[in-house]
Amino acid sequence: MSTLALTGGRILRPDLTVDRADVLVDQETGKIAEIGPDLADAADETMDATNSLITPGFVNGHCHVAMTLLRGYADDKPLDAWLSEDIWPAEAELTPEAIEAGAELGLLEMIRAGTTGFADMYFSMERVADAVERAGLRARLGHGVISVGKEHEAAREDAETGLAFAREYDGAAEGRIRTAFMPHSLTTVSTEIYEEYVPKARELDVPIHLHANETADEVTPIVDEHGVRPLAYARDLGLLEPQDFLAHGVHVDETEIELLAETDASVVHCPASNMKLASGMAPVQTLRDAGVTVGLGTDGAASNNDLSLLDEARDAAMVGKLAADDAAAVAADTVVELATTGSAEAIGLPAGRLEPGAPADLAVVDLTGAHLTPAHDLVSHLAYAAAASDVRHTICDGRVLMRDREVLTLDANDVRERATAEATALVERAEA
Ligand SMILES: [Zn+2]
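Residues numbered from 1 in each chain as written. Predicted model: local features only at pLDDT ≥ 70, side-chain atom pairs only at ≥ 80, totals over all residues. Heavy atoms only, no water.

## Thoughts on the domain arrangement of the protein chain
Where we set the bar: Domain ranges listed in this record stem from an automatic or a database domain assignment. Buried area: the sum, over both parts, of the accessible surface (1.4 Å probe) that disappears when the two are put together. Put simply, a salt bridge is a Lys or Arg side-chain nitrogen that is within 4 Å of an Asp or Glu carboxyl oxygen. Think of a polar contact as two N or O atoms within 3.5 Å of one another; within protein, one of them needs to be a possible hydrogen donor and the other a possible acceptor, and neighboring residues in sequence only count if both atoms come from side chains. Each helix is a run of DSSP H or I of at least 4 residues and each strand a run of E of at least 2, with the numbering of both proceeding from the N terminus. As a working rule, the residues Ala, Val, Leu, Ile, Met, Phe, Trp, Tyr, Cys and Pro are called nonpolar, Asp, Glu, Lys and Arg charged, and the rest polar, with Gly in that last group.
What the domain assignment lists for the protein chain is domain 1 (3-56 + 353-407) and domain 2 (58-347). Here domain 1 and domain 2 share an interface that buries about 2,100 Å² over both sides, 66% of which is from carbon and sulfur atoms. Where domain 1 packs against domain 2, one counts two salt bridges. Two residues, aspartate 361 and arginine 138, come together in a salt bridge whose shortest N-O distance is 2.5 Å. Here domain 1 is connected to domain 2 by seven residue pairs in polar contact (both at pLDDT 80 or more). When residues of the side of domain 1 that touches domain 2 are assigned to their parent elements, the largest contribution, five residues, is made by helix α13 (residues 378-384). Its residues assigned to classes, the side of domain 1 that touches domain 2 shows 19 nonpolar, three polar and five charged.

## Quick look at the packing of aromatic side chains
What counts, and what does not: Aromatic pairing here means that ring centres of Phe, Tyr or Trp (its six-membered ring) are within 6.5 Å. Orientation follows from the plane angle: under 30 degrees is stacked, over 60 is edge-to-face, and everything else is tilted.
A full pass over the atoms with the stated rule returns three aromatic pairs. Residues phenylalanine 165 and tyrosine 169 carry aromatic rings whose centres are separated by 4.7 Å and whose planes lie at 15° to one another, so their mutual orientation is stacked. Here phenylalanine 165 and its partner tyrosine 169 are both found in helix α4 (residues 152-169), four residues apart, which amounts to about one turn of the helix.

## Concerning the sheet that holds strand β19 (residues 399-403)
So the rule is basically this: Pairing between two strands is assigned when DSSP locates at least 2 bridges connecting them.
Judged by pairing direction, the sheet is mixed, and its seven strands sit side by side in the order β3-β2-β7-β17-β18-β19-β20 without closing on themselves. The open sheet terminates on both sides in strands that have one partner only, identified here as β3 (18-20) and β20 (406-407).

## Quick word on the coordination of the zinc ion
Stated precisely, the cut-off is as follows: Listed donors are limited to N, O and S atoms within 2.8 Å of the metal, widened to 3.2 Å for Na, K and Ca; water is not among them, so incomplete-looking sites are possible. Geometry is assigned from the angles between donors: four donors with all angles from 85 to 135 degrees make a tetrahedral site, four or six donors whose opposite pairs exceed 155 degrees while the rest stay between 65 and 115 make square planar or octahedral sites respectively, and everything else is labelled irregular. Partly exposed describes any residue whose relative accessible area lies between the buried limit of under 20% and the exposed limit of over 50%, with all areas from a 1.4 Å probe on protein chains only and scaled to the type maximum.
The zinc ion binds to the protein through His62 (NE2), His64 (NE2), His211 (NE2) and Asp299 (OD), with metal-donor distances spanning 2.1 to 2.2 Å. In this structure, the zinc ion is coordinated by four donor atoms arranged in irregular fashion, with angles at the metal of 87 to 170°. Sequence positions of the donors to the zinc ion reduce to the motif H-x1-H-x146-H-x87-D. On the criterion of sequence distance, the pair formed by histidine 64 in the loop between β8 (58-63) and α1 (79-91) and histidine 211 in strand β13 (residues 209-212) is long-range, its members being 147 residues apart. Residue classification places histidine 64 among the buried residues on the basis of a relative accessible area of 8%.

## Examining empty space enclosed by the protein
The criterion, for reference: Of the two site types, the cavity is a set of points on a 1 Å grid over the protein atoms alone where a 1.4 Å probe fits but cannot get out, and the pocket is an open set with protein on both sides within 12 Å along at least five of seven lines, each lined by residues with an atom within 4 Å of a point. Grid points are joined across faces, edges and corners, and a volume is the space filled by probe spheres set on the points.
Across all of its chains, the model carries one cavity of 30 Å³ or more by this definition. Roughly 40 Å³ of internal volume is contained in the largest cavity. Lining the largest cavity, in full, are Phe58, Leu309, Leu310, Ala313, Val335, Val336, Ala339, Leu382 and Ala383. For the lining of the largest cavity, the secondary-structure elements that each account for two or more residues are α11 (309-324), α12 (332-347) and α13. By residue class, the composition of the lining of the largest cavity is nine nonpolar, no polar and no charged.

## Observations concerning helix α3 (residues 125-135)
Three- or four-residue spacings in an α-helix give side chains the same orientation, since the helix completes a turn every 3.6 residues. Put simply, the test is: By construction, the arc corresponds to the directions joining the helix axis to the C-beta atoms. Every residue pair with non-hydrogen atoms within 4.5 Å of one another is taken to be in contact.
Among the residues of α3, those classed as buried are Met125, Val128, Ala129, Ala131, Val132 and Ala135. One side of α3 holds all its buried residues, which, seen down the axis, span an arc of 160°. Check the buried side of α3 and you find it contacts α2 (96-112), β9 (115-122), β10 (138-145), α4, β11 (177-179) and β19. Positioned one or two residues after α3, glycine 136 has a phi angle of 95°, which is positive.

Shown next as structure tokens:
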């Protein structure tokens, strides 16, 4: 048995209390073996956690990781114009090599930010899966199926690609990669495709993930065409099973919140993306009060523009209070839960927990920064003051992905150079 002890730090327990304790990780099983005082002598190797808080790894519930290539390429536009004028023309020029380079850049950024698991919808997902296997995170991956603007046969081919990926990659990377069937949204995939492919996805026993109720403009055409709210339409298509998860859920009415609570489908809240595209404010406190499982996601880097769950937690707390018109809404403990167990439950991946037998998916946050002093309340600091750059070590499945801010599974310089070259060439092709 190969063991690693994180020593001298404080731990964030599952009930969000903080204690001084060492953590012993069994690197063969990828699980926490023991928590308690003075565990250094019991371990093959130690890792310093003094003046630091050991927390569960953060889980990014909705992302398009390769979109790091388009970070800062197009800003300050509403969703429709941003997609049709800038993002889709650039994405039309993507190559599998570019997607892999963009994914590696995003994974590097997420490891640095203490993220140990994420859900991702994009194209050339086998290349994203390769990058995830090397980088060492956990992921729920799926090919983004789009039928709008395509002949029916071409749309079916796209859906077949989505099914094939979900079938072939579920359980890859020693089980760290799980898959989902991922139709892009209710307005970009036709009713016929949903009717044919939702049952096929159910046969594979994978979750379904899609964007839903992101903007008001997306709600109106569904109501006009189908005579019901989007989530009633989604339920009629068989889309709201307990393992399914929706990104955004901004424009949901009371009946839809009830529907989510009844069906047990989850919502991944993406506050930064929603604010940047002026999509609206998701009713996170109301969703939680109704018993809906809510996770937290960054969405793609082009609409955020970073992949830090600590930033996202702060944004969720801030905008959640505005949405509820209540300073007590979406409190610090709530957003810490959203960024860890909430997201993990929403996307169906194991969450790191500071207790024996739990997966050793951990982030170690350096508490010595001026912005984290004094330490009245470390949950408050995680929610409101800590930044990605405060993360010292990241561990996933018992494996050290970053030690003392050095990422061990990816060559940071090489990743940055390749991503820069691919991003530059991509934009040149798109603008040619
Ligand atoms: Zn998205």
